[in-house]
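Residue strings, one per chain:
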Amino acid sequence: MGYSPDKSESSSSIFVMKDDFGGSMTSTSGHLFLPWYLGYRTSQAASLQIGKLMQDELTKAIPGWKFPLHSAPLAVLTSTTMPALVLEIGNMNNSVNVQTLVDPGFQNRLANTIAAAVQRFSENSAGSSF
Amino acid sequence: MPRHIKIALIVLAIGFAVSLGFFVDIVGRVRSMVVNEKDTAENPFTAPKTPLYKPTDPPMPVKIFFPAADGSILLSTEDSTIFKSAEVVNRAKQILEKVERGPTLGTLVPALPKDAKVDDIFVSEKGTAFIDFNSSIATNHPGGVLNEQATIYSIVNSLTYNIPEIQEVKMLISGSEKETLAGHILLLLPLQMDLSITNVTPDHQPEAKKVAQNK
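Now for a quick tour of the structure. (Residues numbered from 1 in each chain as written. Chains lettered and ligands numbered in written order. Predicted model: local features only at pLDDT ≥ 70, side-chain atom pairs only at ≥ 80, totals over all residues. Heavy atoms only, no water.)

On to the packing of aromatic side chains. Residues and elements named next belong to chain A. Scanning all chains against the criterion turns up 6 aromatic pairs over all chains. Ring plane angle 20 degrees and centroid distance 6.3 Å describe the contact between tryptophan 65 and phenylalanine 67, whose orientation is recorded as stacked. Judged by relative accessible area, which is 3%, phenylalanine 67 ranks as buried. Put simply, the rings of Trp65, Phe67 and Phe106 touch in pairs and so form one group of aromatic residues. (Phe/Tyr/Trp six-rings, centres within 6.5 Å; stacked < 30°, edge-to-face > 60°. Buried < 20%, exposed > 50% of the residue type's maximum accessible area, 1.4 Å probe, protein only.)

Set out below in structure tokens:
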């Protein structure tokens, strides 16, 4: 984890929305309409829950790879009103990384693990409205 | 000649005249822009750079945030000194010059990509600092969520941690608002200090900052 000016540096991480983002822009509670940038707050706890679950599943399924869980004010997550996360698997600029990423066996294992994590989350939170 | 053809010809003539007028106007504007650029390039006299502090301004210790080289934490700090000028903008400029220059410690790495420079700074009465960067901050950025987060929060934290008058930072690129720096972190809203990604605990904030926050 960390900054690298090298465009080919490989990394894998899970990101959820930063919890207090946009709070200073809203002066009062009880809005009739939810500001677009606070959409993430409707499922904030669930996003964190699926983030942890995804981290567990991926760490178990892909030994030797680390999937640290971070929070950041991500543009793509700001207005989502359902549990959401960003999963960074690797870097296509990294020659070693790209060999693994294009391997069909790895891709299948990864896709199955992600699908299983989503399913497990869905079963765990059945009945709840997030 | 039938009446409807006459009307059609008149309408066409009016349309042609209006289009010609627009065309002439646009050509004139383009020519004047070219002339102005030439004047600027050939003008040997540039406005002198205003000093960022007076000789009487006292020194002020600051912490500049840079990405940590070992990756154990995203941002770490380097102690430095600026001069406590009365103008908030001048203090902010001094801090951003240090961020631009990069760290002196080997355990830290530069926060800004190659050729990235601050073009302008404005601080509003509400405590929002608007920082306009040149396009290199985006075009030369290596990308990746963590890299983007490190670049942005090196700037945000360095300003908000050291200058009590600055509560949040809004980044602009080449004078305009951009959704993200390199595709990930949202720049449409001002960003506030985030010490959770640093080795600094909130308790260790400067006294002036705590007083400003409690107001």
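Residue and element names in this part refer to chain A. What the 3 strands build is an open sheet, ordered S2-S1-S3; its pairing is mixed. Each end of this open sheet is capped by a strand with a single partner; those strands are strand S2 (69-72) and strand S3 (86-88). Between one strand axis and the next, the sheet turns by 30 degrees as a mean value, whatever way the strands run. Inspection of the sheet shows strand S1 (residues 13-17) paired to S2 by 4 bridges, in the parallel sense. The partner of methionine 17 across the bridge, within S2, is alanine 72. Lying on the sheet, helix H1 (residues 44-61) is in contact with S1, S2 and S3; it crosses S1 at an angle near 175 degrees. (Pairing = 2+ DSSP bridges. Helix = DSSP H or I, 4+ residues; strand = E, 2+ residues; numbered from the N terminus. Axes fitted to C-alpha atoms, helices over the stretch in contact; angles between N-to-C directions. Contact = heavy atoms within 4.5 Å.)

For an interface, size is often stated in terms of accessible area lost upon the parts coming together. In this assembly, 23 residues from chain A lie in contact with 32 residues from chain B. Buried area between chain A and chain B, summed over both chains or domains, comes out near 2200 Å², and the portion from carbon and sulfur atoms is 64%. One can count 1 salt bridge joining chain A with chain B. Here lysine 18 of chain A ties to aspartate 194 of chain B by a salt bridge, and the two come within 3.3 Å at their closest N and O atoms. In this structure, the connection of chain A to chain B is made through 5 residue pairs in polar contact (both at pLDDT 80 or more). (Buried area = accessible area lost by both parts, 1.4 Å probe. Salt bridge = Lys/Arg side-chain N within 4 Å of Asp/Glu carboxyl O. Polar contact = N/O pair within 3.5 Å; in protein donor to acceptor, adjacent residues only side chain to side chain.)

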